[in-house]
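Coordinate inspection notes
Read off the chains here:
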Amino acid sequence: MRTRSRHVSIWMNEEEYRNLKSQARLAGMGVDPFIRNLVAGVQLRPRPPDEYAALLRELSAIGNNINQIAHWANAQKSIREAEIVEAAVLAREAWRLVKEKL
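Residue numbers restart at each chain and count upward from 1, following the sequence in its written direction. It should be noted that, the model being predicted, local features are given only for residues of pLDDT at least 70 and side-chain atom pairs only at 80 or more, the latter also being counted only at that level, while totals for whole chains, interfaces and linings use all residues. Note: side-chain values were computed over all heavy atoms of the structure, leaving out hydrogens and water.

**Here's the deal with the pattern of salt bridges**
Should a side-chain nitrogen of Lys or Arg be within 4 Å of a carboxyl oxygen of Asp or Glu, the pair is scored as a salt bridge. Considering all chains together, one arrives at one salt bridge under this definition. The closest approach of N and O atoms between Glu-93 and Arg-96, which form a salt bridge, is 2.6 Å. Here Arg-96 and Glu-93 lie together in helix α4 (residues 81-101), a separation of three residues that amounts to about one turn. For Arg-96, a relative accessible area of 39% gives the class partly exposed. Per the convention used, a helix needs a DSSP run of H or I reaching at least four residues, while a strand needs a run of E reaching at least two, with both numbered from the N terminus. Buried means the residue's accessible area, taken with a 1.4 Å probe over protein chains only, is under 20% of the maximum for its type, while exposed means over 50%, and partly exposed covers the values in between.

**Description of helix α1 (residues 14-26)**
A helix is expected to span 1.5 Å multiplied by its residue count minus one. Compared with an ideal rise of 1.5 Å per residue, which puts 13 residues at 18 Å, α1 spans 18 Å between its outermost C-alpha atoms and is within 8% of the ideal. Positive backbone phi, at 75 degrees, marks Gly-28, one or two positions downstream of α1.

**Brief notes about a nonpolar patch on the surface**
On the surface, Ile-10, Met-12 and Tyr-17 cluster together to form a nonpolar patch covering roughly 290 Å² of accessible area. The topology assignment puts Tyr-17 in helix α1. Patches draw on residues past 30% relative accessible area with no salt bridge. Two like charges within 9 Å are joined, as are two nonpolar side chains (Val, Leu, Ile, Met, Phe, Trp, Tyr) within 5 Å. Reported accessibility uses the Shrake-Rupley method at a 1.4 Å probe radius. Residues are deemed covered only where the shown protein chains occlude them.

**Structural notes on the layout of surface pockets**
Buriedness for pockets is judged along seven lines, at least five of which must meet protein on both sides within 12 Å for an open set on the 1 Å grid over protein atoms alone, while cavities are sets there where a 1.4 Å probe fits but cannot get out, and lining residues have an atom within 4 Å of a point. Grid points are joined across faces, edges and corners, and a volume is the space filled by probe spheres set on the points. Within this model, the largest pocket holds a volume of roughly 640 Å³. Around the largest pocket, the lining is made up of 18 residues, and of these His-7, Val-8, Asp-32, Ile-35 and Arg-36 lie nearest the centre. Elements represented by at least two residues in the lining of the largest pocket include exactly α1 and α2 (31-39). Among the residues making up the lining of the largest pocket, the classes are represented as nine nonpolar, four polar and five charged. For this classification, the nonpolar set comprises Ala, Val, Leu, Ile, Met, Phe, Trp, Tyr, Cys and Pro, the charged set comprises Asp, Glu, Lys and Arg, and every other residue, Gly included, is treated as polar.

Interpretation note: all reported values are geometric properties and have no functional meaning in isolation.
Structure (structure tokens):
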């Protein structure tokens with residue numbers, strides 16, 4: 001049974017329809033949900049490529065490794081704090097750049 005009781009029909013020329021389908025595809029949606037989201041005021045952005053999720057996981061793993069190294073180095077007193085801070089800053093900057101592109 002349908003949960004929506006109203007139907008809306010609109011006429012488009014071929015170019016408008018191609019553009020609508022293209023934008024919906026970029027957002028990772030079908031045409032109907034895409035239009036409903038637009039009407040609801042949702043700010044739609046293109047769906048990030050699948051590779052971004054893998055990249056974020058890798059960056060997260062790098063950050064975890066840096067934290068483990070920092071913990072070990074602090075316990076062993078064999079690394080300067082400035083080097084640890086520099087590594088953490090670089091990891092945060094990489095994370096920021098990736099998230100900015102999403």
